[in-house]
Amino acid sequence: MNKFIRRTSTQAQKGFTLIELMIVVAIIGILAAIALPAYKDYTVRAKVTELILAASSGKTQIAEYWQVNGAFPSAASLVLTPMATTYVASLGQSGGTITVQATTAETNISGKTITLTPTDAGNGVLTWTCGGTIATNYRPASCK
């Protein structure tokens with residue numbers, strides 16, 4: 001009788017080989033290299049959305065002023081009240097254009113602005129154009 005036990009074809013391999021583990025680690029590394037920058041962009045976009053929401057709060061006041069007076073308000077005639085948020089440093093308007101400045105809490109948008117500018121579309125309707133100094137890749141789809 002042979003002292004060595006031969007492996008038969010019916011015995012199953014247990015565990016993973018080193019190459020299989022290396023392939024899995026490489027795939028996870030590639031996915032992480034792609035996913036982490038994309039995740040960072042999405043978090044900055046969420047913060048910019050907060051700026052746009054702060055600016056949107058003044059749209060109704062400006063539209064009402066325009067309907068009543070037939071012109072856009074000057075900076076002194078209509079003062080917008082800023083919302084207390086982490087990412088909004090200031091909120092103001094001049095000639096109907098609403099400007100929101102970001103705080104230093106996020107380095108990618110620190111001190112940059114979002115603007116909402118109204119134009120008369122006729123028949124008592126205002127259309128709003130989004131702009132500002134924040135890069136377009138950080139703006140939500142509604143503000144590209």
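Keep in mind the model is a prediction, meaning the values are calculated, not measured.

Thresholds, definitions, all that
- Residues numbered from 1 in each chain as written.
- Predicted model: local features only at pLDDT ≥ 70, side-chain atom pairs only at ≥ 80, totals over all residues.
- Heavy atoms only, no water.
- Core = buried A, V, L, I, M, F, W, Y, C linked by side-chain atoms within 4.5 Å.
- Buried < 20%, exposed > 50% of the residue type's maximum accessible area, 1.4 Å probe, protein only.
- Helix = DSSP H or I, 4+ residues; strand = E, 2+ residues; numbered from the N terminus.
- Contact = heavy atoms within 4.5 Å.

1. A closer look at the nonpolar core
If you look at soluble globular proteins, the nonpolar side chains tend to sit buried side by side. Counting 21 residues, the largest nonpolar core has V48, L51, I98, V100, I109, I114 and I134 as its most contacted members. For this core, the secondary-structure elements that each account for two or more residues are helix 1 (18-56), strand 1 (88-94), strand 2 (97-102) and strand 3 (113-122). Top contributing element to this core by residue count: helix 1, with 6 residues. With sequence-adjacent residues up to four places away left out, V48 is seen in contact with I109, I114, I134, Y138, R139 and P140.

2. A short note on unusual backbone geometry
Unusually for a residue other than glycine, N123 sits at a positive phi of about 55°. When you line up the elements, N123 lands in the loop between strand 3 and strand 4 (125-132). N123 gets classed as exposed once you look at its relative accessible area, which sits at 83%.

Structural measurements only, silent on function.
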